[in-house]
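Here is what each chain is made of, one letter per residue.
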Amino acid sequence: MVKEHDKGPLLGQQVAGSHFYDPSLLFPVPRANARQSLRNGCFEAFGEDVWHAYEISWVNSDGVPEARVGHVVIPASSPNLVESKSLKLYLNSLNNHTFASDQEAVSAIIEDLSQVVGADVVLELFDVESDEFRGVRIEGECLDNCHKTLLALRPADADSGAFRPVEGSAKVYTHRMRSLCPVTSQPDWATVVVDSRGTHASSSELLSYLLAFRDHQEFHEQCVERIYSDLWEQLTPEYLSVHALYTRRGGLDICPWRCSEDVPAPRYRLNRQ
């Protein structure tokens, strides 16, 4: 059973890895708290949080360690997200545990994560050389070349009508997204992809807005929901998706995706991850 760890939350603490399988290491973070701070005080969109896990290992029935990589998919409708350090510690606690098969390992991980986030989690395991984990190039226009025309940076949560809707559609991205961990204040880097149809923001306004997250402290999932909400409220597009592909930390990277349509999140990853 997953429960609050006996020593309290592990966030921000120096913690030795567990030698034994320990689901209590998983730490839930309620989504509602951050969503109350958005423009309309709530969040209304579809989406998923896709984790790429590069260090999944356990011992098989013959006493030989197995090594896998995997996709973990958590629905944005879940009441909780899972804190990344706790997920790393939990996965490491599996290293000396015996599972008779991949399916037995998958079932255990799914059960533990689903209980923590409060919704059904999906896990797919792959061989470490699987093409599923090859980096890809992003389609669309890179915003990073329009830095000479940037507007003045403003706080990421500023209530400002800075976006002037432009008719048409645009799929754009920047590799320069940086936000700060709300626990350690350390930087988190990402590529952010914005796909908008019907109306969209100008390149300079959007890049200026995204770069303003450089000193903004929120979890990755919360940053993406703030970006989506601000664009949706100010641009009122026919379609909008915001996808952030954060770089790897502790054998994990996360790619939160929020969309106006109820479809599966993209599963690709980038070379920088």
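What you see is a predicted model; the values in this text were computed from it and never measured.

Caption draft 1: Representation of the overall build of the protein chain within the structure. A count of helices and strands for the protein chain gives 5 helices and 12 strands. When the 273 residues of the protein chain are sorted by exposure, 52% land in the buried category. When contacts within the protein chain are restricted to residue pairs at least 6 apart in sequence, those whose partners lie at least 24 apart make up 74%. If you sum the accessible surface of the protein chain, you get close to 12,700 Å²; carbon and sulfur atoms cover 48% of it.

Caption draft 2: Quick peek at the side chain of R35. Position of R35 relative to the elements: it lies in helix α1 (residues 32–35). A distance of 2.8 Å separates the side chain of R35 from the backbone oxygen of A76, its partner in a polar contact. In this view, R35 contacts G41, C42, F43, A76 and E225; residues no more than four positions away in its chain are not counted.

Caption draft 3: Region of interest: the nonpolar core. Residues L87, L206, L231 and V242 are the most contacted members of the largest nonpolar core, which totals 54 residues. Broken down by element, the residue count for this core peaks at 7 residues, all from helix α3 (residues 102–117). Residue contacts for L206: discarding those within four places in its chain leaves L143, F163, V172, V194, A201 and L231.

Caption draft 4: Representation of the confidence of the model for the protein chain within the structure. Considering every residue of the protein chain, the mean pLDDT works out to 90; 88% of them sit at 70 or more. A low-confidence stretch, residues 1–8 (pLDDT under 50), is modelled with 12 contacts involving residues beyond four sequence positions or located in other chains. Here residues 156–161 is a poorly scored stretch, pLDDT under 50, and it has 14 contacts once near neighbours within four places are set aside; other chains count.

Caption draft 5: Representation of the environment of L235 within the structure. As for its placement among the helices and strands, L235 is situated in helix α5 (residues 220–235). Along the backbone, L235 and A201 are 34 residues apart, and their C-alpha atoms lie at a distance of 7.2 Å. Filtering out sequence-adjacent residues up to four positions away, L235 remains in contact with F163, P165, T199, H200 and A201.

Caption draft 6: Structural context of the pairing of strand β9 (residues 187–197). Buried residues dominate β9, accounting for 8 of its 11 residues. One ladder, built from 9 bridges, connects strand β8 (residues 170–180) with β9; its direction is antiparallel. Looking at β9, one finds that R178 is bridged to W189. Here β8 hands over to β9 after 6 residues, with S185 in that stretch at a positive phi of 65°.

Caption draft 7: α3, seen in detail. End to end, α3 covers 22 Å across 16 residues, agreeing with the expected 22 Å (1.5 Å per residue, within 8%). The elements touched by buried residues of α3 are β1 (28–30), β2 (46–59), β3 (65–75), β4 (80–82), α2 (84–92) and β5 (122–126). G118, located one to two residues past α3, shows a positive phi value of around 80°.

Caption draft 8: Up close: the sheet that holds strand β11 (residues 239–246). If you walk across this open sheet you meet the 8 strands as β5-β3-β2-β12-β11-β9-β8-β6, and the pairing is mixed. The open sheet is flanked by β5 and β6 (141–142), the only strands paired with a single partner. Relative to strand β12 (residues 252–259), β11 runs antiparallel, the two sharing 3 bridges. In the strand pairing of β12, H243 is matched with W257. Seen against the sheet, α2 touches β2 and β12 and runs at an angle of roughly 30° to β2. Most of the contacts of α3 go to β5, to which it runs at about 150°, and overall it touches β2, β3 and β5.

Caption draft 9: Inspection of the environment of S101 at higher detail. Topologically, S101 is positioned in the loop between α2 and α3. Here S101 falls in the partly exposed class, since its relative accessible area comes to 33%. Counting along the chain gives 41 residues from S101 to N60, while the straight-line C-alpha distance between them is 6.9 Å.

Caption draft 10: Up close: the pattern of salt bridges. With the rule as written, the count across this model stands at 15 salt bridges. Two residues, R134 and D131, come together in a salt bridge whose shortest N-O distance is 2.5 Å. This pair shows no difference in class: R134 is exposed, exactly as D131 is. The partner of R249 in a salt bridge is D188, and the shortest N-O contact between them spans 2.5 Å.

Caption draft 11: Local environment of the packing of aromatic side chains. Applying the stated criterion to the full structure yields 9 aromatic pairs. Look at W58 and F99: their rings are 6.2 Å apart centre to centre, the planes differ by 80°, and that puts the pair in the edge-to-face class. Residue W58 is found in strand β2, and its partner F99 is found in the loop between α2 and α3; the two are separated by 41 residues along the sequence. For the pair formed by W58 and F99, the shared burial category is buried. Seen from their ring centres, Y209 and F213 are 5.4 Å apart, and the 85° between their planes marks the pair as edge-to-face. Taken individually, Y209 and F213 each receive the classification buried, so the pair is uniform in this respect.

Basis of the calculations
- Residues numbered from 1 in each chain as written.
- Predicted model: local features only at pLDDT ≥ 70, side-chain atom pairs only at ≥ 80, totals over all residues.
- Heavy atoms only, no water.
- Helix = DSSP H or I, 4+ residues; strand = E, 2+ residues; numbered from the N terminus.
- Buried < 20%, exposed > 50% of the residue type's maximum accessible area, 1.4 Å probe, protein only.
- Contact = heavy atoms within 4.5 Å.
- Areas by Shrake-Rupley, 256 points an atom, 1.4 Å probe, with all protein chains shown as cover.
- Polar contact = N/O pair within 3.5 Å; in protein donor to acceptor, adjacent residues only side chain to side chain.
- Core = buried A, V, L, I, M, F, W, Y, C linked by side-chain atoms within 4.5 Å.
- pLDDT = per-residue confidence, 0-100.
- Pairing = 2+ DSSP bridges.
- Expected span 1.5 Å × (residues − 1).
- Axes fitted to C-alpha atoms, helices over the stretch in contact; angles between N-to-C directions.
- Salt bridge = Lys/Arg side-chain N within 4 Å of Asp/Glu carboxyl O.
- Phe/Tyr/Trp six-rings, centres within 6.5 Å; stacked < 30°, edge-to-face > 60°.

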